[in-house]
Amino acid sequence: MVLARCVEDPDVTSGVHVDPFISRLLTEDYRLLQEQHRDQVQIMNMLEAFRLLPVYWLLVVPVLSQVRHPLPMLWMSVGDNLTAGVSVAVRLALQDLKRQPPPLGDYEVQFQLLDSQCDPAESLKALFDAMWAEPNYLLLFGGACPSVTALIARSLPALNLLQVSFEASSPSLSNRKLYGNLFSTVPSDRALNQATVKLLQRFKWTRVGVITQEGPRLSEMKKDLSRQLLKADVQVVSSESLSEDVCSSLRRLKESDVRIIIGQFEEDSASEVFCCAYRLNMFGARYQWLVVDGGTSRWMLKVSGCTDDSLLTAADGSIRLQMRRLGNAKTPGISGRTPQEYQDSYLRQVIQDRSDVSPLHTFAYDAVWVAARALSQVMEAVKLREKYSSQRNVSVRGEEVQRTLLEAVKQTQFEGITGPVFFRNGERMTSIELIQFQGSRGVLVGDFSTSTQQLRLMNQLLTFTGPGPARDQTLVLLQRQHVSFLLYGMMSSAAAVTIFITLTLLFIVIRRKHCDGSQDELLLLGVLLSCFSVLVSGLDGASWSSWSSELLCSVRLWTVSLGHTVSFTVLFITTWRLHPAGCSLLLLLLVLLLEVSVLSTWQILDPLRRVVLQLGPQSVSEDQDQVVQLFCERCSSSNMQLWLAVVCGYKAPLLGLGCLVAWSVRTLDHPEPLSVFAVTAFSVSGLLGSLLTAHNPPVQLCVTSMLVLGCNVFILSRLFGPKVLDDGEPSEPREDEETRRLSGLNQQLRTLTAQLDVEIESISMQLRETSELHRGTRGRHTAGGLRSVTWSHVAQVCSEDRNPERDPLSPDDINSPEHVRRRLSVQLPILHLSYLPAVGGVSASSSSLFVPHDDYFLFH
């Protein structure tokens, strides 16, 4: 110890002389002793530490583990009453977060509540005030009214904020260009509309009606549904709103014959809607209700005015589309709870707190987990960057951190209480449940996955009131009216027989070469064209190509029109030749040129084509909810009435003139006048019959064919029958020809006789007047008066002698009464007797017309 002290204190040895060698030894020994002493102290300290380690572990470590890093968030709500049911779910989520291992368990979520009051101005003011004060916020939790949510969501990028909501479901918020920083654990209402459209397409419903409750959210939902229905080619027959009188809105849907009804209303309006549906009989096998709702999973069907049985009957079979609010997993999710365990805990806590159950509590629970996971990942990334970065002062609210937070939310994926939680294009992917109301309970009959856009139906659970799904409208069974094979066979056979007879007659006419053979040949050609039109009119061109159908229509028109024109014009010319003012075949050429011009213009400007004519329903079956709709196909053009008027415009005058000429020669013993009357009657009847039966092709074919063939048979039998019979008698061919020649000559003589009768009657009247005048002035012998009377007689009888100076009463005058009397007494008997009755002349009794008037030619 003395040596150690000497070494430590140089003053002690200042007066003592010490050998240097000894001094170095003493110094070395002292250092060794000091190191040994330090080692002993360290060993003793380590032993003490190990001895106190259990105490440290028991006392210090629990205290350090309770120190968690805060994660500040802003919670925007609508009010205390609406937040109470959600707060229970949020507290359960925070409790489950505490039990999580690091790094998630190292953070504590701290909310600052902001009341939006559903006022955009108040909401922005509260948000700016919170952002101005400490701490720095990175995330906005919750949501508010749709108008407030939309306004705040658009301002989030400028504030470097990200919002995780559990009630933002408006379809308008799906626009990622405007609302790129908004994420919601509640699926968008667009998903409900997508599921509705898929269900309509599954059952091939293309005609629906929509009834919507008034409100901001449901109005946006209705607009999106209309766009999706239009895109899917689904017709919205009627769109009504739930006004004060619900039954009036439903009545308008019923008047529009709406069978598939899409209802967008809250659960508190369901009872009133189905009560009116029961009163209006809008339920059962003919109707299908699709209720698109984001409310609770069950309805409380109870309303005054309808019994419970009535409501259950009206709602039976209706399908409700709603979001899946509770997962069906049997294994614990990220929180360590199964969905059912969480549901039990939530209900117990709600009963304990005496608060109302919120329909969004499961989405709020998962929203807390989404926000906490994203913020914890960002904080860990910031710590890692600060540890290895030369820049120590990094702003937590920087743009880089905001991008990191945005990516963290986009990549979120875990098994939550509501099912798998992940986002695609900013929208929550989930399942839409299809619950059918059967009896007094709801049965899950299918679901729609928003991620795969696939609809799954469990057909073994799906039931309908009728034999199958309701129809979107009365089933229309289209039935085409067409000419039956039997009817066409009968008409074509009759036409073929007529054509055969006509060809035979044409062969005979050409072989015999009658004097009027050219007219007969043209008449038979017209008959052939008419008969051929019957053959082509019965052909069914439905299975033909478009070009073939148009060609068939054109052939029908040309054959029937040309056949009629040629036949009637030939008859008209033949009849007119019996008249003194006869005509030639030039008229036939002019009529044919007019006919061809009109038909060619029609064919070029407005060609005929096959068109479908819808007819009235034939029968209706109320039980089967179906109607038979008749339709037919016919040849028509765009201006069919105009062209028919043009054709009738030149044919009607020809028919009228022909009838007038035939009437003037009706007394003649010839078949042509009667044939003209018959063809005119058949033509008018055929036109009227064709127009009146245009809606019924079988009846039209039967009527028109019978009239055309009947007209042709009449012409053949009336005009060519006697000729064929006469030609069949070889013993008297010359006598027949002579008879025909004499008949023609006789007709001319009869015509001249009629003209002479008129002239004689006129002369007789003038002579009567002359005689009376002569008797009255016989005593006075007035030369001027006689000269005037005689001058009138001269003008009528003999116009060659017109010398006014010659005395008409002179016996030498050729026009004197004596000479006139003598000429009449000699010429008239000879003229009348020359027309013998044997050849059709005037009877001798006709001369009696002049017997009583002999006195008129005598002058006393």
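Since we're looking at a predicted model, the values are computed, not measured.

Draft legend 1. The arrangement of the overall build of the protein in detail. Helix and strand counts for the protein stand at 24 helices and 19 strands. Split into buried and exposed, the 860 residues of the protein put 42% on the buried side. Sequence separation of at least 24 residues holds for 71% of the intrachain contacts in the protein that already meet a minimum separation of 6. Of the roughly 46,700 Å² that the protein leaves accessible, carbon and sulfur atoms contribute 58%.

Draft legend 2. Just the state of the cysteines, in detail. A complete count under the given rule lists four disulfides for this structure. Between the sulfur of Cys275 and that of Cys306 lies a disulfide, 1.9 Å long from S to S. Given an S-S torsion of about 75 degrees, the disulfide between Cys275 and Cys306 has right-handed geometry. Remark: Cys306 occurs in the loop between β9 (288-292) and α11 (308-315) and Cys275 occurs in helix α10 (residues 270-279); sequence separation between them is 31 residues.

Draft legend 3. Representation of a nonpolar patch on the surface. Among the surface-exposed residues, Leu586, Leu589, Leu590 and Leu593 lie close enough to one another that they form a single nonpolar patch of about 390 Å² accessible area. Tracing the backbone through its elements, the reader meets Leu590 in helix α18 (residues 586-605).

Draft legend 4. Inspection of helix α15 (residues 485-512) at higher detail. Compared with an ideal rise of 1.5 Å per residue, which puts 28 residues at 40 Å, α15 spans 40 Å between its outermost C-alpha atoms and is within 8% of the ideal. The complete set of buried residues in α15 reads Leu487, Tyr488, Met491, Ser492, Ala495, Thr498, Ile499, Thr502, Leu505, Leu506, Ile508 and Val509.

Draft legend 5. Structural context of the UniProt feature "transmembrane region" (unreviewed entry) in the protein. UniProt's feature table lists "transmembrane region" (unreviewed entry) at residues 485-510, 522-543, 555-573 and 585-605, given in the numbering used throughout. Strand forms 0% of residues 485-510 and helix 100%; the C-alpha atoms that close the span are 36 Å apart. A distance of 27 Å separates the end C-alpha atoms of residues 555-573, which is 100% helix and 0% strand.

Draft legend 6. How the structure looks around the side chain of Arg325. Looking at where Arg325 falls in the secondary structure, it is placed in the loop between β10 (319-323) and α12 (339-353). For Arg325, the side chain forms a polar contact with the main-chain oxygen of Met323, separated by 3.0 Å.

Draft legend 7. Representation of α10. Within α10, seven of the ten residues are buried, which leaves the element mostly enclosed by the surrounding structure. What α10 keeps buried is the set Ala270, Ser271, Val273, Phe274, Cys275, Cys276 and Ala277. Along its buried surface, α10 packs onto β7 (235-242), α9 (246-255), β9 and α11. Downstream of α10 by a residue or two, Asn281 has a phi angle that is positive, lying close to 60 degrees.

Draft legend 8. Local environment of the sheet that holds strand β15 (residues 441-449). Reading across the sheet, the eight strands line up as β7-β6-β8-β9-β10-β14-β15-β16 and stay open at both edges, with mixed pairing between neighbours. Both outer strands of the open sheet, β7 and β16 (454-457), are each paired with one neighbouring strand and no more. Mean inter-strand twist for the sheet, computed between neighbouring axes without regard to direction, equals 25 degrees.

Draft legend 9. Quick look at the environment of Val197. Position of Val197 relative to the elements: it lies in helix α7 (residues 189-202). The class of Val197 is buried, set by a relative accessible area of 7%. As for Val197 and Val234, which are separated by 37 residues in sequence, their C-alpha atoms are 8.6 Å apart. Non-local contacts of Val197, meaning those with residues more than four positions away in its chain, are made with Gln228, Leu229 and Ala232.

Draft legend 10. Up close: unusual backbone geometry. Of note, the amide linkage connecting Pro102 to Pro103 takes the cis form, showing an omega dihedral of 5 degrees. Inspection of the secondary structure puts Pro103 in the loop between α4 (80-98) and β2 (107-115). A positive phi angle, close to 55 degrees, is found at Asn160, a residue other than glycine. On the basis of relative accessibility, which here comes to 22%, the residue Asn160 falls in the partly exposed class. Residue Asp257 is not a glycine yet carries a positive backbone phi of 60 degrees. Among the residues examined, Asp257 registers a relative accessible area of 29% and is labelled partly exposed.

What counts, and where the lines are drawn
- Residues numbered from 1 in each chain as written.
- Predicted model: local features only at pLDDT ≥ 70, side-chain atom pairs only at ≥ 80, totals over all residues.
- Heavy atoms only, no water.
- Helix = DSSP H or I, 4+ residues; strand = E, 2+ residues; numbered from the N terminus.
- Buried < 20%, exposed > 50% of the residue type's maximum accessible area, 1.4 Å probe, protein only.
- Contact = heavy atoms within 4.5 Å.
- Areas by Shrake-Rupley, 256 points an atom, 1.4 Å probe, with all protein chains shown as cover.
- Disulfide = S-S within 2.5 Å.
- Patch = residues over 30% accessible without salt bridge, like charges linked within 9 Å, V, L, I, M, F, W, Y side chains within 5 Å.
- Salt bridge = Lys/Arg side-chain N within 4 Å of Asp/Glu carboxyl O.
- Expected span 1.5 Å × (residues − 1).
- UniProt positions renumbered as here; feature names shortened; annotations may be inferred.
- Polar contact = N/O pair within 3.5 Å; in protein donor to acceptor, adjacent residues only side chain to side chain.
- Pairing = 2+ DSSP bridges.
- Axes fitted to C-alpha atoms, helices over the stretch in contact; angles between N-to-C directions.

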